[in-house]
Amino acid sequence: MTSPQPAETPTRKRSAQTATLAEIAREAGVSAPTVSKVLNGRADVAPSTRSRVEELLRTHGYRRRRAESTRSPLIDLVFHELESAWAMEVIRGVENVARDTGLSVVLSESAGRLTPGRTWADQVAARRPHGVILVLSGLDESQRALLTSRSIPFVVMDPAGDPGADVPSIGATNWQGGLAATRHLVDLGHTRIGAISGPTRMMCSRARVDGYRAALETAGLPVDPDLIVTGDFHHEAGYRQGLELLRRPDRPTAVFAGNDLQALGLYEAARELGLRIPQDLSVVGFDDLPVARWVGPPLTTVRQPLMEMAEAAARLVLDLGRDEGSPTATRVELATSLEVRSSTAPPREG
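Because the structure is predicted, anything quoted here is derived from the model rather than measured.

Calculation rules
- Residues numbered from 1 in each chain as written.
- Predicted model: local features only at pLDDT ≥ 70, side-chain atom pairs only at ≥ 80, totals over all residues.
- Heavy atoms only, no water.
- Pairing = 2+ DSSP bridges.
- Helix = DSSP H or I, 4+ residues; strand = E, 2+ residues; numbered from the N terminus.
- Axes fitted to C-alpha atoms, helices over the stretch in contact; angles between N-to-C directions.
- Contact = heavy atoms within 4.5 Å.
- Phe/Tyr/Trp six-rings, centres within 6.5 Å; stacked < 30°, edge-to-face > 60°.
- Buried < 20%, exposed > 50% of the residue type's maximum accessible area, 1.4 Å probe, protein only.
- Lys NZ or Arg CZ within 6 Å of the ring centre and 35° of its normal.
- Core = buried A, V, L, I, M, F, W, Y, C linked by side-chain atoms within 4.5 Å.
- Salt bridge = Lys/Arg side-chain N within 4 Å of Asp/Glu carboxyl O.
- Expected span 1.5 Å × (residues − 1).
- Arc of directions from axis to C-beta.

K.L.:
Requested: an account of the pairing of strand β2 (residues 104-109), with residues and values cited.
P.N.:
Taken together, the six bridges between strand β1 (residues 74-79) and β2 define a ladder with parallel strand orientation. Its bridge partner being in β2, I75 is matched across the sheet by V105.

In structure tokens form, the structure reads like this:
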């Protein structure tokens with residue numbers, strides 16, 4: 001004869017999530033409402049208390065159930081720098097998806113740092129957006145834990161470094177783009193081809209230069225380290241490093257500029273030295289910003305589908321927010337393509 005099961009009491013009906021929250025409060029020596037204030041990013045918590053609670057949230061792997069979270073109608077979009085047409089293309093892509101889903105976009109900049117500051121993370125926790133998109137940036141361990149504990153999904157677009165196997169990210173085929181750009185110049189007959197890279201700390205920059213090297217090696221051409229200079233993806237670097245390359249007695253007849261902004265700086269350096277494009281110097285950029293079609297001469301460049309990448313990142317972060325389970329990390333790379341215009345031609349004989 002089976003004995004009857006005891007009636008469920010309110011204590012027995014507590015979810016594991018609630019029990020964990022109560023356990024965190026007990027271990028921290030604070031009340032459950034104080035833990036809730038930390039989770040909600042409230043400012044009226046002492047820094048030492050906040051730090052203690054955050055550490056326990058990380059230790060316990062606490063993850064607020066999304067159904068319990070009241071989300072703001074926002075997507076947080078974080079740039080490491082926000083000052084170019086490149087950023088505008090990304091903003092347009094995220095805005096396209098946000099507008100269609102009734103959301104707004106909050107812009108942040110980390111002032112050149114590859115991870116936002118701690119204040120930013122607290123502000124995001126307080127805003128409780130639908131998701132966070134980080135562009136050429138990343139999160140440190142404590143920031144990731146903070147967002148995860150609030151069930152705020154995040155995606156990295158064009159990650160500066162290795163985002164980690166468990167971090168969803170959207171990128172482009174940078175290596176293939178560098179290969180295509182350089183192979184185009186080789187096919188035109190150039191044998192002395194320079195390169196202006198972006199920052200060496202950025203994975204996309206290294207991949208583009210690796211593609212450049214691969215194209216030269218495949219064609220049986222030497223990779224001359226003196227023809228590879230380091231920029232920072234800005235116009236001024238293209239101008240400055242362009243002058244360095246073009247003033248060499250054995251200057252290159254073609255340059256892969258790493259991105260469109262550096263290519264425009266290289267245009268300026270060439271004009272200053274009396275060199276004509278493409279008669280005296282062929283130039284290839286990377287990105288295919290709108291200005292690439294309107295400069296004189298129109299720029300041959302590798303099209304990076306920035307708007308499509310941003311749209312994909314926005315859709316992915318919203319999909320992650322709808323998933324009540326633990327989503328599998330996703331790495332998506334969109335294809336690049338070479339757009340041949342008027343800035344490249346065969347080298348002048350002699």
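K.L.:
Outline the sheet that holds strand β3 (residues 131-135), supporting the account with residue identities and numerical values.
P.N.:
Strand pairing in a sheet relies on backbone hydrogen bonds, with the paired strands running either antiparallel or parallel. One open sheet holds the six strands; their spatial order is β2-β1-β3-β4-β5-β11, and the pairing between them is parallel. Each of the sheet's edge strands pairs with one partner strand only, and the pair in question is β2 and β11 (331-334). Taken pair by pair, the neighbouring strands of this sheet meet at an average axis angle of 20°, ignoring direction. Looking at chain direction, β1 and β3 are connected through five bridges and run parallel. Considered in β3, the bridge of V78 is made with L134. Where helix α11 (residues 306-322) meets the sheet, it contacts β1, β3, β4 (154-157), β5 (169-172) and β11, and its direction lies at approximately 165° from that of β4.

K.L.:
Please set out the packing of aromatic side chains residue by residue, giving values where relevant.
P.N.:
Under the counting rule described, the total for this entry stands at one aromatic pair. A centroid spacing of 6.5 Å and a plane angle of 50° characterise the contact between F256 and F286, whose relative ring orientation is tilted. Residue F256 is found in strand β8 (residues 254-256), and its partner F286 is found in strand β9 (residues 282-287); the two are separated by 30 residues along the sequence. Each of the two residues, F256 as well as F286, counts as buried. One residue, R208, lies across the ring of F286, its end atom 3.8 Å from the ring centre.

K.L.:
Outline unusual backbone geometry, listing residues and values.
P.N.:
Following I277, the chain continues into P278 via a peptide bond in cis, with omega recorded as 10°. Of note, P278 is situated in the loop between α10 (260-272) and β9. Phi is positive for S151, close to 55°, though the residue is something other than glycine. Tracing the backbone shows S151 in the loop between α6 (141-149) and β4. Residue class for S151 comes out buried when judged on its relative accessible area of 4%.

K.L.:
Quick one: what's the story with the environment of V45, residue by residue and with numbers?
P.N.:
Assignment of secondary structure puts V45 in the loop between α2 (32-39) and α3 (47-60). Expressed as a C-alpha distance, the spacing of V45 and T34, which sit 11 residues apart in the sequence, is 7.4 Å.

K.L.:
With reference to specific residues and values, describe the nonpolar core.
P.N.:
Among the nonpolar cores identified, the biggest contains 36 residues, and L77 and I133 are the most heavily contacted of them. Taken together, the elements giving at least two residues each to this core come down to β1, α4 (85-100), β3, β4, β5 and α11. When residues of this core are assigned to their parent elements, the largest contribution, 10 residues, is made by α11. Setting aside residues no more than four positions away along its own chain, I133 makes contact with I75, D76, L77, V78, V94, V155, M157, A313, A314 and V317. The next biggest cluster of nonpolar side chains, apart from the first, holds 34 residues, and it includes A181, L221, L246 and F286.

K.L.:
Describe the environment of P153, and please don't skip the residues or the numbers.
P.N.:
Mapping P153 onto the fold places it in the loop between α6 and β4. Residues P153 and G131, 22 residues apart in the sequence, show an inter-C-alpha distance of 4.9 Å. Not counting the four nearest positions on each side in its chain, P153 is found in contact with H130, G131, V132, V317, L320 and G321.

K.L.:
Explain the pattern of salt bridges to me, and be specific about the residues and the numbers.
P.N.:
Opposite charge on two side chains allows them to pair when their charged atoms are near. Here the structure, examined in full by the defined rule, presents 14 salt bridges. A salt bridge links D250 to R192, with the nearest nitrogen and oxygen atoms 3.4 Å apart. One end of the pair, D250, is in the loop between α9 (235-246) and β8; the other, R192, is in the loop between α7 (174-187) and β6 (193-197), and 58 residues separate them in sequence. Looking at R192, the relative accessible area reads 25%, which means it is partly exposed. The shortest N-O distance in the salt bridge between D250 and R248 comes to 3.4 Å.

K.L.:
Explain α7 to me, using residue names and the numbers behind them.
P.N.:
An ideal rise of 1.5 Å per residue puts 20 Å on 14 residues; α7 measures up with 20 Å between its terminal C-alpha atoms. Turning to α7, its buried residues are N174, G177, G178, L179, A181, T182, H184, L185 and V186. The first or second residue beyond α7 is G189, which carries a positive phi of 110°.

K.L.:
How would you explain α6 if you had to name every residue and give the values?
P.N.:
Taken together, the buried positions of α6 are occupied by Q143, L146, L147 and S149. One face of α6 carries all of its buried residues, which in axial projection span an arc of 165°. Trailing α6 by a residue or two, S151 shows a phi angle of about 55°, which is positive.

K.L.:
Tell me what's going on with the sheet that holds strand β12 (residues 337-339), and back it up with residues and numbers.
P.N.:
If you walk across this open sheet you meet the six strands as β7-β6-β8-β9-β10-β12, and the pairing is mixed. Each having just a single partner strand, β7 (228-230) and β12 make up the two edges of the open sheet. Strand-to-strand twist across the sheet, computed as the mean angle between neighbouring axes with direction ignored, equals 20°. Taken together, the three bridges between β6 and β8 define a ladder with parallel strand orientation. Bridge assignment links A195 to a residue of β8, and that residue is F256. Running at roughly 165° to β9, α7 makes contact with β6, β8, β9, β10 (300-303) and β12 of the sheet.

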